[in-house]
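Remarks on the overall topology
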Amino acid sequence: MNVLSFDDPRLTAMGLLAEVATGLSAKTLPSLAEGGLSEIDFETLIRLARSPGRRLRMSDLAAQTNMSTSGVTRVVDRLEREGLVVRQACATDRRASYAAITEAGTDRLTAVLPQHLADIETWLTGRLTAEQLSTFLDTLTIIRDAVRPCATAGARTPSACSEREPESDPGTGTGIEAEAGTEAVPGAGSVG
């Protein structure tokens, strides 16, 4: 007979992860809001800025942000009205379109990043040694790849959501491969 324990370390792991995520959002959102960005605005812009060509197919952006197609359309529509994003037609598929970050979008990110990075350093990375941070990033990548396999969709070729998964890049362990003429961006699917 299997006895359940409320002190099960699996419950502790989930609880701590939820508490950390909530706490980090509370610590980092004020500086984003001060810069005129919501959390989803920032996530969208940073994913575009960190992607090859500074753009993603709308379907890949939806997969990376875990939004519905209509949800990502609404966000991109709003960011486009603000001049932070522009849509681009796909030359090879008339049904597909890209969202690309504009110079104004890059400027907005550039304005909020120093404080956002300082917040991250204060509340997360600065609390870990270099070795702990490396292990932490590797661990998060393993878990992210299992629970959100499309989180890097469009950041590598072929898409992470295609039928055939590409091999991981042995240099980064992130599974992100370089497109012709571009370098692989470690953690390109990550928004930190």
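What you see is a predicted model, and the numbers here were worked out from it, not measured in a lab.

The next thing to look at is the environment of Gln115. Relative to the assigned elements, Gln115 resides in helix H5 (residues 103-123). The sequence separation of Gln115 and Gly35 amounts to 80 residues, and the corresponding C-alpha distance is 9.6 Å.

Another aspect to go through is the confidence of the model for the protein chain. Looking at the protein chain as a whole, the pLDDT averages 83, with 80% of positions reaching at least 70. Predicted confidence in the protein chain is weakest over helix H3 (residues 58-65), with a mean pLDDT of 90, and strongest over H5, with 97. Every residue in residues 162-190 scores below 50 in pLDDT, and together they form 56 contacts with partners more than four places removed in sequence or on other chains.

Glancing now at the packing of H3 against helix H4 (residues 69-81). Describing two packed helices takes the angle between their axes plus the distance from one axis to the other. Two elements in contact, H3 and H4, have axes whose closest approach is 9 Å; the angle formed by their N-to-C orientations is 105°. Between H3 and H4, the angle falls in the class roughly perpendicular. Facing Met58, Leu61, Ala62 and Thr65 of H3, the residues of H4 in contact are Thr69, Val72, Thr73 and Val76. Its residues assigned to classes, the contact of H3 with H4 comprises five nonpolar, three polar and no charged.

This next bit is on the environment of Gly83. Within the fold, Gly83 resides in the loop between H4 and strand E2 (85-89). Of the residues examined, Gly83 reaches a relative accessible area of 30% and is grouped as partly exposed.

Moving on, we get to the sheet that holds strand E3 (residues 97-101). Strand order in the open sheet formed by three strands is E1-E3-E2, and the pairing between neighbours is antiparallel. With one partner strand each, in any of the chains shown, strand E1 (55-57) and E2 form the two edges of the open sheet. Pairs of neighbouring strands in the sheet enclose a mean axial angle of 25°, with direction left out of account. Bridge analysis of E2 against E3 gives five bridges, and the strand direction is antiparallel. Bridge assignment links Gln88 to a residue of E3, and that residue is Tyr98. Taken strand by strand, helix H2 (residues 39-49) contacts E1, E2 and E3, and its axis lies near 95° from that of E3. Against the sheet, H4 makes contact with E2 and E3, and its axis sits at roughly 115° relative to E2, the strand it touches most.

With that out of the way, let us pick up the side chain of Thr65. Among the secondary structure elements, Thr65 is positioned in helix H3. On the accessibility criterion, Thr65 (8% relative accessible area) is buried. The residues contacting Thr65, other than those within four sequence positions of it, are Ile40, Glu43, Thr44, Arg47, Val72 and Arg148.

For the rest of this paragraph, the subject is a nonpolar patch on the surface. On the surface, Met14, Leu17, Phe136, Leu137 and Leu140 cluster together to form a nonpolar patch covering roughly 470 Å² of accessible area. Of all the secondary structure elements, the ones that give two or more residues to the nonpolar patch are helix H1 (9-34) and helix H6 (130-147). Per element, the largest residue contribution to the nonpolar patch is three residues, and it comes from H6. Tracing the sequence through the fold places Leu17 in helix H1.

For Arg54, which is not a glycine, the phi torsion comes out positive at approximately 55°. Judged by relative accessible area, Arg54 falls into the partly exposed class, the value being 41%. One non-glycine residue, Asn66, adopts positive backbone phi at about 60°. Locating Asn66 in the fold gives a position in the loop between H3 and H4. Taking the relative accessible area as the measure of exposure, Asn66 reaches 59% and is therefore exposed.

Reading guide: rules and limits
Residues numbered from 1 in each chain as written. Predicted model: local features only at pLDDT ≥ 70, side-chain atom pairs only at ≥ 80, totals over all residues. Heavy atoms only, no water. Helix = DSSP H or I, 4+ residues; strand = E, 2+ residues; numbered from the N terminus. pLDDT = per-residue confidence, 0-100. Contact = heavy atoms within 4.5 Å. Axes fitted to C-alpha atoms, helices over the stretch in contact; angles between N-to-C directions. Parallel < 35°, antiparallel > 145°, perpendicular 65-115°, else oblique. Nonpolar A, V, L, I, M, F, W, Y, C, P; charged D, E, K, R; others polar. Buried < 20%, exposed > 50% of the residue type's maximum accessible area, 1.4 Å probe, protein only. Pairing = 2+ DSSP bridges. Patch = residues over 30% accessible without salt bridge, like charges linked within 9 Å, V, L, I, M, F, W, Y side chains within 5 Å. Areas by Shrake-Rupley, 256 points an atom, 1.4 Å probe, with all protein chains shown as cover. Salt bridge = Lys/Arg side-chain N within 4 Å of Asp/Glu carboxyl O.

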